[in-house]
Amino acid sequence: MILNRIYLGAAALVAAFPVWGQDFKIGFPLECDLETECYIQQYVDHDPSSKSSDFTCSNLTYDGHKGTDFGLRDPRLLSRGVTVVAAAEGRVIGRRDGIVDKIYKSNDAERVNAIECGNGVLIQHAGGWQTQYCHLKQGSVTVAKGQFVRQGDPLGQIGVSGKAAFPHLHLSVRKTIREKSYVIDPFAPKGRLSCDGELETLWDLTPAYQAGGLLYVDFSDGIPDFDSIKLGQASRNLSRNSDALVAFVQGFGTKKNDVILMKINGPAREFAQQKFIMPKEQAQVTRSIGKKHTADWQSGVYTATVQLIRDGVLIDTVTNSTTIK
């Protein structure tokens with residue numbers, strides 16, 4: 001139970017003073033490409049009030065969040081397996097496996113009580129540092145308690161166990177000072193000093209900050225539900241007599257008044273187009289456009305293009321195609 005007690009303990013305070021030195025650095029905790037396969041969904045919350053703010057003073061966090069969340073740009077990678085690795089060398093002092101992979105809902109509070117981390121690994125490093133890896137896939141944890149691991153050694157795979165609303169790795173970094181455990185933001189280890197980000201971080205190579213974006217667009221034969229999109233289970237092969245021809249997109253970190261512009265071009269002309277104006281900030285968002293079946297769809301290539309526009313500036317684009325024979 002060490003794994004949960006430390007993760008949930010009230011002593012885990014966000015550090016607001018210099019506790020970092022050159023004695024500890026961490027590497028990227030996943031075997032995936034940050035630009036094409038994975039992304040950072042949420043960062044440590046630096047706002048002590050009931051509001052929230054990440055280390056850049058932006059909205060990629062939520063109230064009380066004590067870690068960095070790495071999601072999958074294409075959630076179908078969940079079933080293929082994305083390896084979680086040790087961010088630094090140390091000794092495993094806690095591990096758990098056997099918790100079912102299931103998207104967390106508000107009525108699941110009792111199910112995940114005392115196991116919010118889900119399947120996970122806790123590593124003790126030199127100098128009072130710890131890293132914790134949560135929401136791993138059931139049956140994927142490869143290390144044992146007491147085992148020494150080096151940076152880059154595999155620990156398990158990204159999953160959706162415990163209190164996880166989408167498939168991701170939750171990485172927490174902590175340092176013990178005078179018997180108190182402090183949450184350390186690896187992007188701002190001295191506490192947030194400005195809204196421009198930190199020049200010094202805990203990372204060997206600091207991951208780039210992306211202030212929201214689009215993850216992927218694909219096709220289905222109806223408007224899919226959000227859970228199936230998050231789990232990579234919404235895509236369908238289409239035929240000339242499919243019930244509908246729908247393109248759906250998943251994005252993250254959208255802000256109020258952001259514009260999502262979706263378009264489907266058919267074999268000879270524009271098939272569908274719609275503009276969505278975001279009503280509020282949203283950690284994750286999905287939108288769909290398309291048409292119901294009225295006559296057999298024309299054979300050929302259908303291409304969906306989605307743009308995310310913020311303050312009149314295009315900040316991201318994704319595209320995908322499907323062929324109807």
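The residue numbers shown here count from 1 along each chain, following its written sequence. Thresholds applied to this predicted model are a pLDDT of at least 70 for local features of residues and 80 or more for the giving and counting of side-chain atom pairs; totals over whole chains, interfaces and linings are not thresholded and use all residues. Computation of side-chain values covers all heavy atoms of the structure but excludes hydrogens and water.

Notes on the packing of aromatic side chains
Note the cut-off: To pair, rings of Phe, Tyr and Trp, with the six-membered ring standing in for Trp, must have centres within 6.5 Å; the planes then decide the type, stacked if under 30 degrees apart, edge-to-face if over 60, and tilted in the middle. We call a charge positioned over a ring when the NZ of a Lys or the CZ of an Arg lies within 6 Å of the ring centre and within 35 degrees of the ring normal.
Overall, the coordinates contain 13 aromatic pairs when judged by the stated rule. Grouping aromatic residues by their ring pairs yields a cluster made of Phe-28, Tyr-43, Phe-55, Phe-70, Phe-187, Trp-203 and Tyr-209. Just above the ring of Phe-226 sits the side chain of Lys-230; from NZ or CZ to the centre is 4.7 Å. The aromatic ring of Phe-271 is capped on one face by Lys-291, whose charged end is 4.8 Å from the ring centroid.

Side note on the pattern of salt bridges
As a reminder of what qualifies: What counts as a salt bridge is simple: a side-chain nitrogen of Lys or Arg found within 4 Å of a carboxyl oxygen of Asp or Glu. To qualify as a helix, a DSSP run of H or I must reach at least 4 residues; to qualify as a strand, a run of E must reach at least 2; elements of each kind are numbered from the N terminus. Buried, partly exposed and exposed residues are distinguished by accessible area as a fraction of the type maximum, computed with a 1.4 Å probe on protein chains only: under 20%, between the cut-offs, and over 50%, respectively.
The final tally for this structure, using the stated rule, is nine salt bridges. Two residues, Lys-190 and Glu-200, come together in a salt bridge whose shortest N-O distance is 3.2 Å. Taken together, the residues Lys-190 in the loop between strand 11 (180-183) and strand 12 (213-220) and Glu-200 in the loop between strand 11 and strand 12 connect sequence positions ten residues apart. Classification of Lys-190 by relative accessible area gives partly exposed; the value is 27%. For Lys-230, the salt bridge goes to Asp-227, with nearest N and O atoms at 3.7 Å. Of the two residues, Lys-230 and Asp-227 are both situated in helix 3 (residues 226-230); the distance of three residues between them amounts to about one turn of the helix. Three or more residues joined by partner-sharing salt bridges are found here, namely Asp-74, Arg-76 and Asp-218.

What about the sheet that holds strand 13 (residues 244-254)?
Just so we agree on the cut-off: Strand pairing is defined by DSSP finding a minimum of two bridges between the two strands. All axes are obtained by fitting lines to C-alpha atoms, using only the stretch in contact for helices, and the reported angles, taken between N-to-C directions, cover 0 to 180 degrees.
Sheet architecture is open: three strands sit in the order 12-13-16, paired in antiparallel fashion. Each edge of the open sheet is held by one strand with a lone partner, namely strand 12 and strand 16 (282-292). Pairwise comparison of adjacent strand axes, ignoring direction, gives a mean angle of 15 degrees for this sheet. Pairing of strand 12 with strand 13 involves seven bridges; the strand directions are antiparallel. If you follow Ser-220 over to strand 13, its bridge partner there is Val-246.

Some thoughts on the side chain of Ser-161
We count it as follows: Under the rule applied, a polar contact is a pair of N or O atoms within 3.5 Å (in protein, one hydrogen donor and one hydrogen acceptor; residues adjacent in sequence only if both atoms are side-chain atoms). Residues are treated as being in contact if the distance between any of their heavy atoms lies within 4.5 Å.
Here Ser-161 is to be found in the loop between strand 9 (154-157) and strand 10 (168-177). Ser-161 sits in the buried class, given a relative accessible area of 0%. In terms of polar contacts, Ser-161 uses its side chain to reach the backbone amide nitrogen of Asn-119, at 3.0 Å. There is a polar contact of 2.8 Å between the side chain of Ser-161 and the backbone oxygen of Leu-136. The contacts of Ser-161, once residues within four sequence positions are left out, are Ile-99, Val-100, Asp-101, Glu-116, Cys-117, Gly-118, Asn-119, His-135 and Leu-136.

Details of the state of the cysteines
This is how it is decided: Disulfides are defined as pairs of cysteine sulfur atoms found within 2.5 Å of each other.
Taken as a whole and assessed by the stated rule, the structure comprises three disulfides. Here Cys-57 engages in a disulfide with Cys-195; their sulfurs sit 1.9 Å apart. Given an S-S torsion of about -70 degrees, the disulfide between Cys-57 and Cys-195 has left-handed geometry. Note that Cys-57 is positioned in the loop between strand 2 (38-42) and strand 3 (68-72) and Cys-195 in the loop between strand 11 and strand 12, a separation of 138 residues in sequence.

Describing the environment of Pro-224
Tracing the sequence through the fold places Pro-224 in the loop between strand 12 and helix 3. C-alpha of Pro-224 to C-alpha of Cys-57: the two residues are 167 residues apart in sequence and 33 Å apart in space. When near neighbours in sequence (up to four residues on either side) are disregarded, Pro-224 contacts Ile-229, Ala-234, Phe-248 and Ser-288.

A closer look at the side chain of Asp-316
Inclusion rule: Residues counted as positive are Lys and Arg, residues counted as negative are Asp and Glu, and His and the chain ends are not counted.
For Asp-316, the position within the fold is in strand 18 (residues 313-324). With no salt bridge to any partner, buried Asp-316 finds its closest opposite charge in Arg-73, at an N-O distance of 5.1 Å. Engagement of the side chain of Asp-316 in a polar contact is seen with the backbone nitrogen of Leu-214, the distance being 2.8 Å. Excluding anything up to four places from it in sequence, Asp-316 contacts Gln-210, Gly-213, Leu-214, Val-306, Gln-307 and Leu-308.

Some thoughts on unusual backbone geometry
At Arg-178, a position not held by glycine, the phi torsion is positive, near 50 degrees. Within the secondary structure, Arg-178 sits in the loop between strand 10 and strand 11. The class for Arg-178 is exposed, based on a relative accessible area of 78%. Notably, Asp-311 is not glycine yet its phi reads approximately 50 degrees, a positive angle. By the element assignment, Asp-311 lies in the loop between strand 17 (300-310) and strand 18. By relative accessible area, which is 76% here, Asp-311 ends up exposed.

Regarding the nonpolar core
Here is the rule: Put simply, a nonpolar core is a bunch of buried Ala, Val, Leu, Ile, Met, Phe, Trp, Tyr and Cys residues held in one set by side-chain atoms that sit within 4.5 Å of each other.
Core analysis: the largest hydrophobic core is formed by 48 residues, its most contacted members being Leu-30, Val-121, Tyr-133 and Leu-155. Among the secondary structure elements, those contributing two or more residues to this core are strand 2, strand 3, helix 2 (77-80), strand 6 (119-124), strand 7 (129-136), strand 10, strand 12 and strand 13. Top element by residues in this core is strand 10. It accounts for four residues. Counting residues in hydrophobic clusters, the runner-up holds 23 residues, among them Phe-219, Leu-238, Ala-272 and Ile-289.

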